[in-house]
Amino acid sequence: METNIYSLLKWIPFVPLMGFIVNGLIGRKLPEKLAGIIGSSAIGISFIISILSFLKLINLPEGERLLNDRLYTWIASGNLNISISLHFDALSAVMALVVSGVSFLIHVYSIGYMAGDKGFSRYFAYLNLFVFFMLILVLADSLLIMFVGWEGVGLCSYLLIGFWYEDNEKASAGKKAFIVNRVGDAGFIIGLILLFYLLGNKGIFAFDFQSLSHHIPLIAGESFFGINALFLIGLLLFLGATGKSAQFPLYVWLPDAMAGPTPVSALIHAATMVTAGVYMLTRMYFLYELVPSALSVVLAVGCFTAVLGATIGLLQTDIKKVLAYSTISQIGYMFMAVGAGAFAAGVFHLMTHAFFKAVLFLGAGSVIHGLHGEQDMRKMGGLRADMKWTFLVMGLAWLAISGIPPFAGFFSKDMILESVFAGGNKIIWFAGLITAAMTAYYISRLIVLTFFGEKRGHSAHESPAVMTIPLGILAVLCIAGGFIDIPHFLEKWEGSHHEISKGTEDLLIGLSVFAGIAGITFAFFIQKSGRAERVKETLSSVYTVILNKFYVDEIYDYLFVRTPRWFSDKICFRFFDAGIIDGGIVNGSARIVYNIGSILRRLQSGNAQSYALIFVAGVVMIIYFVLKRFI
Amino acid sequence: MLTQVPLFLSFVLFGIGVIGFLLRRNIIILLMFIELMLNAANLAFVSLSKTIGDMSGQVYVMFIFAIAAAEAGVGLAIAILIYRQLKTTDVDKINNLRG
């Protein structure tokens with residue numbers, strides 16, 4: 001295929017990298033404002049270049065829409081030749097625009113939110129580094145380079161969750177995220193190795209996405225230890241995606257990741273990084289289209305996570321935890337779309353979710369900022385009057401996530417449900433519908449507890465303009481985002497399309513809107529005048545289980561922390577190391593020598609006559625043996 | 001004169017020396033039995049020297065006398081010191097070097 005070299009492309013990730021270098025090296029000496037402006041403008045420039053590249057891309061004739069930029073050869077060994085090159089097609093374009101655009105707004109917001117923090121320049125350095133790696137991930141031309149970005153964003157996520165590292169709990173939340181991600185990344189890298197191994201056996205050493213999509217059918221029939229190789233690769237890559245995108249069973253790090261600064265939660269743990277898994281699966285759609293069984297796993301896991309996240313989100317009291325579980329649930333939605341083969345719908349929801357979830361998080365950040373660090377929703381309430389702007393933008397995002405037309409969430413969510421329904425999975429579709437209702441409920445609950453009712457805590461102050469203006473822009477995107485025809489733009493990723501009749505389609509739309517409205521109404525109904533308390537009492541056992549997040553953390557703690565620790569302590573340390581190595585081999589050899597010595601020492605009685613007796617006996621024997629020869 | 005007679009006497013004397021050394025307990029007596037064994041050896045030297053007709057055997061006897069005198073001197077000195085330290089001459093009780 002013909003490629004179009006576009007050398008401006010490399011500056012999309014490299015301007016943020018420069019921002020990182022400047023802020024990382026001399027940021028501490030710069031005044032706070034300047035460090036923030038450097039950090040934000042680096043992302044702003046990157047966003048402008050993304051727009052330029054995008055304009056260049058859509059001016060190309062359809063079917064040739066691909067820009068390339070080759071930097072240098074990374075690995076050259078025999079037939080293997082991997083170059084660092086960037087790849088800008090429709091999918092990358094959408095992702096790059098979302099990432100750099102949302103990042104820019106969040107950077108600007110952060111100038112206000114992080115004002116006065118002693119790690120201000122460090123914060124912007126990390127955030128710039130994150131955007132660099134995220135853009136590398138998005139623009140990567142091959143799986144290997146994507147993996148570099150993948151690991152890089154994981155690192156930045158760790159650094160930013162544990163940003164206030166002096167707090168032990170926050171530092172360990174960072175470690176938890178890093179370690180849980182390691183499990184997924186192990187899956188990713190094993191999948192990569194397996195893929196490259198099988199392709200290498202066929203004599204193919206080109207791993208950029210274009211040649212992969214050509215050559216993947218070659219290994220379609222291969223099996224590995226009796227399992228269909230492509231299925232296995234698909235599952236391993238998906239394991240990587242579950243780690244990064246916080247899907248069951250590896251979602252446990254995301255709620256804890258809320259320990260980081262709120263803009264970080266908005267940028268990394270809602271809008272961009274956690275959706276990397278969806279992006280990666282979409283990027284590899286040519287592989288997944290060959291193995292429908294792997295897609296079924298994705299569908300099931302996505303659906304389960306969507307329901308699980310929404311259920312736990314129902315009862316959380318920490319404003320950020322609600323949003324964290326909501327994120328888990330919404331990404332589950334995206335995986336449902338991917339699992340149904342509607343990759344474009346997944347990316348569409350990724351984009352709209354990036355907008356409205358960023359608003360929700362930043363709005364929550366504004367509330368927390370206004371209340372001087374209070375995160376417990378039970379101590380909020382009645383903030384409507386104090387924080388008009390925040391209330392307005394969060395209201396828009398609330399309607400968007402609840403799936404009320406014509407806000408952004410409605411279009412993407414409806415499209416996902418429709419493609420799941422069309423794919424023939426009625427149960428999954430129904431679970432998705434229930435999740436939609438639950439989503440509407442818990443977000444409404446959040447809004448009600450925070451902005452309506454009486455004041456239960458202190459009064460708040462509205463955040464400065466540097467925070468509210470980015471919120472306003474994102475809120476506009478919450479409205480407008482749904483009208484951007486992403487699915488058409490991403491035609492290639494649309495997947496097999498099942499036709500459903502116009503009547504059914506209208507019915508589905510009606511049902512999903514109804515689910516949203518039902519959720520909202522129910523929330524307003526139940527949060528009034530102690531009805532929630534009564535429900536709590538009637539369903540107390542269910543309530544406890546959900547409140548404790550189904551005890552998943554406890555189960556994991558038991559299975560993966562305590563058991564290995566017990567094993568390491570009792571078996572590896574006490575039995576093997578202390579017992580066999582130290583006790584048996586090290587002390588054992590000494591004890592053998594000691595015991596032999598304690599037997600032999602009895603010979604040295606100290607009695608000279610007994611020595612003489614032995615001596616005489618010896619002499620007699622020598623004489624006997626000498627004389628024997630003569631006799 | 002038959003060579004066997006002094007040799008036999010030497011053998012008997014040596015035997016008495018060994019047995020006495022092994023059986024008695026007094027350290028002074030033990031030194032005396034050591035002298036007995038040395039002199040049994042001297043007797044053997046002398047008689048064999050006479051039989052073979054080589055005088056060097058008798059020269060050795062002179063050496064042995066000198067050494068025996070020195071040995072007795074050192075031995076008695078040790079015996080006295082041991083007695084001063086341990087207030088005993090019984091070798092069964094002198095076992096400070098037991099392992």
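Just so you know, these numbers come straight off a predicted model, no measurement behind them.

Our next topic: the overall build of chain A. Across its full length, chain A holds 25 helices and five strands. Seen through its C-alpha atoms, chain A measures out along the principal axes to roughly 125 × 65 × 60 Å. Burial status across chain A gives 54% buried among its 631 residues. Of the contacts made within chain A by residues no fewer than 6 positions apart, 80% connect residues no fewer than 24 positions apart. Carbon and sulfur atoms form 67% of the exposed surface of chain A, whose accessible area is close to 26800 Å². Counting 44 positive and 39 negative side-chain charges, chain A places the centres of these two groups 11 Å from one another.

A count of helical and extended segments in chain B gives three helices and zero strands. Secondary structure of chain B in N-to-C order comes out as α-α-α. Taken over the C-alpha trace, chain B has a radius of gyration of 16 Å; the compact-globule value for 99 residues is 13 Å, which it surpasses by more than 25%. Among the 99 residues that make up chain B, the fraction classed as buried is 27%. Long-range pairs, those at least 24 residues apart, make up 53% of the contacts in chain B between residues at least 6 apart in sequence.

What follows deals with the interface of chain B and chain A. Interface extent is often summarised as the accessible area lost during association of the parts. Between chain B and chain A, the residue contacts involve 14 residues of the former and nine residues of the latter. Across the chain B-chain A interface, the total number found is zero salt bridges. In terms of residues, the side of chain B that touches chain A owes the most to one element, helix α1 (residues 4-23) of chain B, which gives four residues. Looking at side-chain class alone, the side of chain B that touches chain A contains eight nonpolar, two polar and four charged residues.

Turning to the environment of F452(A), a few remarks are in order. All names here are of chain A. Within the secondary structure, F452 is located in the loop between α18 (426-451) and α19 (465-480). Each C-alpha atom, one on F452 and one on M380, is 9.1 Å from the other, the two residues being 72 residues apart in sequence. Non-local contacts of F452, meaning those with residues more than four positions away in its chain, are made with G381, G382, R384, F391, I447 and F524.

Mean pLDDT over chain B stands at 90; residues scoring 70 or higher make up 98%. Reported confidence for the predicted complex is 0.85 by ipTM and 0.79 by pTM.

All names here are of chain A. Relative to strand β2 (residues 66-77), strand β1 (residues 4-5) runs parallel, the two sharing two bridges. When the bridges of β2 are listed, N4 appears paired with L67. In terms of strand pairing, β2 meets strand β3 (residues 80-89) through 10 bridges, oriented antiparallel. Its bridge partner being in β3, R70 is matched across the sheet by S85. Taken together, β2 and the strand that follows it, β3, pair antiparallel across an intervening segment of two residues, in which G78 is found at a positive phi of about 60 degrees.

Looking at where D414(A) falls in the secondary structure, it is placed in helix α17 (residues 408-422). Discounting residues that sit within four places of it in the chain, D414(A) has contacts with G409(A), L508(A), I509(A) and S512(A).

Our focus in this paragraph is α1(B). For α1(B), with 20 residues, the first-to-last C-alpha span of 28 Å sits near the 28 Å given by 1.5 Å per residue. Elements in contact with the buried residues of α1(B): α25 (608-628) of chain A together with α2 (27-52) of chain B.

Once that is clear, we can look at the pattern of salt bridges. Residues and elements named next belong to chain A. Enumeration over the complete set of coordinates arrives at 13 salt bridges over all chains. One salt bridge connects K10 with D69, and the closest N-O pair in it is separated by 3.5 Å. Taken together, the positions of K10 in the loop between β1 and α1 (11-26) and D69 in strand β2 put the pair 59 residues apart, joining distant regions of the chain. You can call K10 partly exposed: its relative accessible area is 23%. Each of E151, R182 and D185 takes part in a single network of salt bridges with overlapping partners.

Below, the discussion takes up a nonpolar patch on the surface. All names here are of chain A. Judged by side-chain polarity, L8, W11, M18, I48, I51, L52, L55 and I58 come together as a nonpolar surface patch covering roughly 660 Å² of accessible area. Every element with two or more residues in the nonpolar patch is listed here: α1 and α2 (32-59). Position of L52 relative to the elements: it lies in helix α2.

This part takes up the environment of V94(A). All names here are of chain A. Considering the arrangement of structural elements, one finds V94 in helix α3 (residues 90-113). When the C-alpha atoms of V94 and I486 are compared, they prove to be 8.0 Å apart, with 392 residues separating the residues in sequence. Excluding anything up to four places from it in sequence, V94 contacts V347, I486, F489 and L490.

What follows is about the nonpolar core. Grouped together as the largest cluster of nonpolar side chains are 186 residues, with contacts concentrated most on L143(A), L195(A), M284(A), L287(A), Y288(A) and L490(A). Counting 19 residues, the second-largest nonpolar core is a separate cluster that includes L299(A), A342(A), A345(A) and L433(A).

Quick look at the packing of helix α8 (residues 229-244) of chain A against helix α13 (residues 292-313) of chain A now. All names here are of chain A. Taken N-terminus to C-terminus, the directions of α8 and α13 make an angle of 25 degrees; their axes are 9 Å apart at the nearest point. Comparing their axes, α13 and α8 come out roughly parallel. Crossing geometry of α8 relative to α13 is assigned as right-handed. Contacts between α8 and α13 pair F231, L235, F238 and T242 from the former with S293, A294, V297, V298 and V301 from the latter. In terms of residue class, the contact of α8 with α13 is built from seven nonpolar, two polar and no charged.

Here we take up the environment of Y109(A). Residues and elements named next belong to chain A. Looking at the element boundaries, Y109 is found in helix α3. Overall, the relative accessible area of 0% leaves Y109 in the buried class. Each C-alpha atom, one on Y109 and one on G503, is 44 Å from the other, the two residues being 394 residues apart in sequence. In contact with Y109, other than residues within four places in its own chain, are P263, L362, G365, S366, V466, M467, P470 and L471.

All names here are of chain A. At a minimum axis separation of 11 Å, helix α5 (residues 143-161) and helix α10 (residues 262-271) run at an interaxial angle of 155 degrees. The angle between the axes of α5 and α10 places the two elements in the roughly antiparallel class. Judged by the sense of rotation from one axis to the other, the crossing of α5 with α10 is left-handed. Of the residues in α10, those in contact with S157, L160 and I161 of α5 are V264, I268 and H269. When its residues are assigned to classes, the contact of α5 with α10 shows four nonpolar, two polar and no charged.

With that out of the way, let us pick up the side chain of T88(B). All names here are of chain B. With respect to the helices and strands, the residue T88 is situated in the segment after α3 (56-86). The class for T88 is buried, based on a relative accessible area of 14%. Looking at T88, its side chain comes within polar contact range of the main-chain nitrogen of D90, at 3.0 Å.

A sheet is described by the order of its strands in space; here three strands give the open sequence β1-β2-β3 (chain A), paired in mixed fashion. Either end of the sheet is taken by a strand with one partner, and the two such strands are β1 and β3 of chain A.

Moving on to unusual backbone geometry. Cis geometry is found at the peptide bond from F248(A) to P249(A), where omega equals 5 degrees. Structurally, P249(A) can be placed in the loop between α8 and α9 (253-256). With an omega of 5 degrees, the peptide bond between P405(A) and P406(A) qualifies as cis. For P406(A), the location among the structural elements is in the loop between α16 (388-401) and α17. The backbone of A246(A) shows a phi angle near 55 degrees, a positive value even though the residue is not glycine. The residue A246(A) is located in the loop between α8 and α9 in this model. Even without being a glycine, K87(B) presents a positive backbone phi close to 55 degrees. Tracing the sequence through the fold places K87(B) in the segment after α3.

What counts and what doesn't
- Every chain is numbered on its own, with residues counted from 1 as its sequence reads.
- The lettering of chains begins at A and the numbering of ligands begins at 1, in the order of writing.
- Thresholds applied to this predicted model are a pLDDT of at least 70 for local features of residues and 80 or more for the giving and counting of side-chain atom pairs; totals over whole chains, interfaces and linings are not thresholded and use all residues.
- The basis for every side-chain value is the complete set of heavy atoms in the structure, and neither hydrogens nor water enter the calculation.
- Secondary structure elements are taken from DSSP: a helix is a run of H or I of four residues or more, a strand is a run of E of two residues or more, and numbering for both begins at the N terminus.
- Relative accessibility thresholds used throughout: buried, under 20% of the residue-type maximum; exposed, over 50%; partly exposed, between the two (1.4 Å probe, protein chains only).
- Should any heavy atoms of two residues lie within 4.5 Å, those residues are counted as being in contact.
- Residue-level accessible areas treat just the shown protein chains as cover; the underlying method is Shrake-Rupley with a 1.4 Å probe.
- We treat Lys and Arg as the positive residues and Asp and Glu as the negative residues; His and chain ends play no part in the count.
- A charged residue contributes its charge at one atom only: NZ of Lys, CZ of Arg, CG of Asp or CD of Glu.
- Every radius of gyration here is taken over C-alpha atoms, with the globule rule written as 2.2 Å times N^0.38, N being the number of residues.
- Salt bridge, as used here, is a side-chain nitrogen of Lys or Arg placed within 4 Å of a carboxyl oxygen of Asp or Glu.
- Gly is placed with the polar residues, together with every amino acid not listed as nonpolar (Ala, Val, Leu, Ile, Met, Phe, Trp, Tyr, Cys and Pro) or charged (Asp, Glu, Lys and Arg).
- Known as pLDDT, the predictor's confidence for each residue is given on a scale from 0 to 100.
- Only when DSSP finds a minimum of two bridges between them are two strands counted as paired.
- Given the number of residues in a helix, its expected span is that number minus one, multiplied by 1.5 Å.
- For patch detection, residues must exceed 30% relative accessible area and be free of salt bridges, and they are connected within 9 Å for like charges or within 5 Å for nonpolar side chains (Val, Leu, Ile, Met, Phe, Trp, Tyr).
- Side-chain atoms within 4.5 Å link the members of a nonpolar core, which is a set of buried Ala, Val, Leu, Ile, Met, Phe, Trp, Tyr and Cys residues.
- Every axis corresponds to a line fitted to the C-alpha atoms, with the helix fit spanning only the stretch in contact, and the corresponding angles, defined between N-to-C directions, vary from 0 to 180 degrees.
- Angle categories are assigned with fixed cut-offs, so that under 35 degrees is roughly parallel, over 145 is roughly antiparallel, 65 to 115 is roughly perpendicular, and the rest are oblique.
- Throughout, a crossing is termed right-handed when the near helix is turned clockwise from the far one, and left-handed when it is turned anticlockwise from it by less than a right angle.
- Under this definition, polar contacts are N or O atom pairs within 3.5 Å; protein pairs additionally need one hydrogen-donor-capable and one acceptor-capable atom, and for neighbouring residues in sequence, both atoms have to be side-chain atoms.

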